[in-house]
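Structural features, examined
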Amino acid sequence: MQIHHTAEVTEDHIDHLGHMNVMFYAQHAQAAARKLSGELGVDGGGELFQPDRYTRHHREQLLGAKLEVRAGVLDVGEDRIRLYEELLNSETEVLAASFIVTIEV
C-alpha cells in the first residue's frame, strides 16, 4: 500500500469532546480514494459514487496529529473497484481507522 493522502488535524476538525470529528475520517479516506482511482484512470469528475463503505474506527485523533492514508486495490470488476484504506497517525504509526470502499465506475 502507498500513501495517497496526508493531512494534519486542525482546530476546525475538533468536536466538542476534543477529538477529530468522525466526518473528517471519511473525508480523508475519500481524498485518498479520489487520488488512487485517478491513478487507475477512473475519473469521477471530482466526486466518486461510493455505494458501499465500511469504516472501523480504532483510535481517536487529537489536535495537531499528522495523518496519512495508505490505500490499495482489493479487486476490480467491470463496473466497480474495491479499495482498502488505512488512516494512520504518521508520527506514532497508530492506526486511527480502516475502510473498505466500493467505487462504481
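All of these numbers come straight from a predicted model, not from anything done at the bench.

Ranked by size, the top nonpolar core spans 21 residues in total, and within it Met20, Tyr25, Leu67, Leu83, Leu87 and Phe99 carry the most contacts. Per-element accounting of this core gives the leading share, six residues, to helix 1 (residues 22-39). Look past the residues within four positions of Leu83 in its chain and what remains in contact with it is Ala33, Leu36, Gly72, Val73, Leu74, Phe99, Ile100, Val101 and Ile103.

A surface patch of nonpolar side chains, about 260 Å² in accessible area, is lined by Leu40, Val73 and Val76. Checked against the element boundaries, Leu40 lands in the loop between helix 1 and strand 2 (52-57). Using a relative accessible area of 43% as the deciding quantity, one classes Leu40 as partly exposed.

Another aspect to go through is unusual backbone geometry. Phi at Glu93 is positive, roughly 65 degrees, even though this residue is not glycine. Tracing the backbone through its elements, the reader meets Glu93 in the loop between strand 4 (80-89) and strand 5 (95-104). The exposure class assigned to Glu93 is partly exposed, which follows from its relative accessible area of 43%.

What follows deals with helix 1. The end-to-end C-alpha distance of helix 1 is 27 Å, a good match for the 26 Å that 18 residues give at a rise of 1.5 Å each. Of the positions making up helix 1, those classed as buried are Phe24, Tyr25, His28, Ala29, Gln30, Ala31, Ala32, Ala33, Leu36 and Ser37. Those residues of helix 1 that are buried lie in contact with strand 1 (2-8), strand 2, strand 3 (66-76), strand 4 and strand 5. Taking the backbone nitrogen of Met23 as reference, a side-chain oxygen 2.9 Å away marks Asn21 as the first, capping residue of helix 1. With its phi angle positive at about 90 degrees, Gly41 sits one or two positions after the end of helix 1.

Attention now goes to the sheet that holds strand 4. One open sheet accounts for five strands, arranged 1-3-4-5-2; its pairing is antiparallel. Two strands lie at the open edges of the sheet, namely strand 1 and strand 2, each paired on one side alone. Across this sheet, the average inter-strand angle for adjacent strands is 20 degrees, counted without regard to direction. Alignment of strand 4 against strand 5, held across nine bridges, turns out to be antiparallel. Within strand 5, the residue paired with Arg82 across the bridge is Thr102. Contacts from helix 1 reach strand 1, strand 2, strand 3, strand 4 and strand 5 within the one sheet, and its direction differs from that of strand 1 by about 145 degrees.

Rules used throughout
Here, residues in each chain are numbered from 1, in the same order as that chain's written sequence. Predicted model: local features are reported for residues with pLDDT of at least 70 only, side-chain atom pairs are reported and counted for 80 or more only, and whole-chain, interface and lining totals are derived from all residues. For side-chain calculations, the full set of non-hydrogen atoms in the structure is used, while hydrogens and water are omitted. Throughout this description, the term nonpolar core refers to a set of buried Ala, Val, Leu, Ile, Met, Phe, Trp, Tyr and Cys residues connected via side-chain atoms within 4.5 Å. Relative accessible area decides the class of each residue, using a 1.4 Å probe on protein chains only: under 20% of the type maximum gives buried, over 50% gives exposed, and in between gives partly exposed. Secondary structure elements are taken from DSSP: a helix is a run of H or I of four residues or more, a strand is a run of E of two residues or more, and numbering for both begins at the N terminus. It only takes one pair of heavy atoms within 4.5 Å for two residues to be counted as in contact. Any residue with relative accessible area above 30% and no salt bridge may belong to a patch, with like charges joined within 9 Å and the nonpolar Val, Leu, Ile, Met, Phe, Trp and Tyr side chains within 5 Å. The accessible surface values rely on the Shrake-Rupley method and a 1.4 Å probe; as for residues, cover is taken only from the protein chains in view. We define a salt bridge as a side-chain nitrogen of Lys or Arg found within 4 Å of a carboxyl oxygen belonging to Asp or Glu. Given the number of residues in a helix, its expected span is that number minus one, multiplied by 1.5 Å. Two N or O atoms form a polar contact when they lie within 3.5 Å of each other; inside protein one atom must be a possible hydrogen donor and the other a possible acceptor, and for residues adjacent in sequence the pair counts only when both atoms belong to side chains. Strands are treated as partners if at least two bridges between them are detected by DSSP. Lines fitted to the C-alpha atoms define the axes, with helices restricted to the stretch that makes contact. Angles between their N-to-C directions range from 0 to 180 degrees.

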